[in-house]
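Chains, contacts and geometry: an overview
The lines below spell out each chain.
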Amino acid sequence: IPVPTVKVRTGKELKLKKIRFNARFIAWTAVFAALAAVLQLLEFHLPILPTFLAVDFSELPAVLASFSLGPSSGVLVCLVKNLIKLITTTTGGVGELANFLIGIFYVIPAGLIYKYKRTFGGAVIGMISGIICCGLISVPLNYYVTYPVYYNFMSQDAILGMYQAIYSGTDSILEALFIFNVPMTAGKMLINSAITLLVYKKLSNLIKFGIRRKKQTAQTTNACDVNCTKAETPSDNGKSELSSKEK
């Protein structure tokens with residue numbers, strides 16, 4: 001009668017599993033960060049916005065990383081892409097800091113909600129929450145941090161004049177942020193979210209494919225080891241017959 005056994009993972013097996021996870025995390029985060037850095041270089045300007053405001057979709061890889069590997073990966077992608085952008089910065093790093101903070105206020109809520117509600121609805125709720133958070137934080141961040149630095153290169157009246165050239169009813173920088181910057185930020189993140197919903201499932205399967213193959217290989221190897229051990233070990237009946245013959 002076969003005796004039921006319980007497989008207990010040793011400390012060495014758990015350590016190897018953790019190392020494999022860390023390697024996968026680092027490798028895919030690096031891939032997403034590189035893609036985000038490229039997308040950030042492909043920024044463009046819209047005629048309905050002042051010329052110093054550029055649009056890019058570099059948060060797309062960040063939210064994909066946040067969904068597939070966790071919010072910490074999304075934050076790292078936002079950090080790395082802005083560190084790379086520092087090489088060609090024209091804002092003394094303040095623009096990159098603002099971009100980083102707005103980015104993490106998008107990917108952290110999205111990633112956290114999806115982590116605990118891994119459904120299509122959870123993904124939608126997470127991204128909507130992220131859009132609201134980064135849209136709201138963009139106003140105080142630009143008003144108190146980014147624009148005061150811009151004033152060293154361009155006067156406040158000149159910046160306000162660029163907004164007024166598009167919409168003459170703009171009376172102040174704060175009003176301009178609500179009229180132009182918040183819709184621009186929300187719209188950009190909305191497009192990122194729509195693309196994410198289209199491609200995430202396939203990308204997630206690609207990321208998990210290697211892990212499934214490794215598990216299947218490990219299970220096959222373990223099964224072979226068990227079968228080989230059983231084949232090499234004589235049965236109790238065999239031992240009894242040998243003992244009888246010797247007698």
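The structure contained in this document is the topic of the report that follows. Note that the coordinates shown come from a computational prediction; the quantities given were computed from them, not determined experimentally. (Residues numbered from 1 in each chain as written. Predicted model: local features only at pLDDT ≥ 70, side-chain atom pairs only at ≥ 80, totals over all residues. Heavy atoms only, no water.)

**Some remarks on the environment of Tyr-167**
Looking at the secondary structure, you find Tyr-167 in the loop between α6 (156-166) and α7 (173-232). Sequence separation between Tyr-167 and Ile-179 is 12 residues; the distance between their C-alpha atoms is 9.2 Å. (Helix = DSSP H or I, 4+ residues; strand = E, 2+ residues; numbered from the N terminus.)

**So, the nonpolar core**
Ranked by size, the top nonpolar core spans 29 residues in total, and within it Phe-32, Val-63, Phe-67, Val-77, Tyr-106 and Met-127 carry the most contacts. Secondary structure elements with two or more residues in this core: α1 (11-41), α2 (59-69), α3 (71-85), α4 (94-116), α5 (120-150) and α7. Here this core takes eight residues from α4, the largest share from any one element. Each residue touching Val-63, except ones within four places of it in the same chain, is listed here: Tyr-106, Val-107, Ala-110, Met-127 and Thr-196. (Core = buried A, V, L, I, M, F, W, Y, C linked by side-chain atoms within 4.5 Å. Buried < 20%, exposed > 50% of the residue type's maximum accessible area, 1.4 Å probe, protein only. Contact = heavy atoms within 4.5 Å.)

**Considering α2**
Burial within α2 is extensive, with 11 of its 11 residues counted as buried. Of all the residues in α2, the buried ones are Glu-59, Leu-60, Pro-61, Ala-62, Val-63, Leu-64, Ala-65, Ser-66, Phe-67, Ser-68 and Leu-69. Just downstream of α2, Gly-70 is the residue with a positive phi angle, here 110 degrees.

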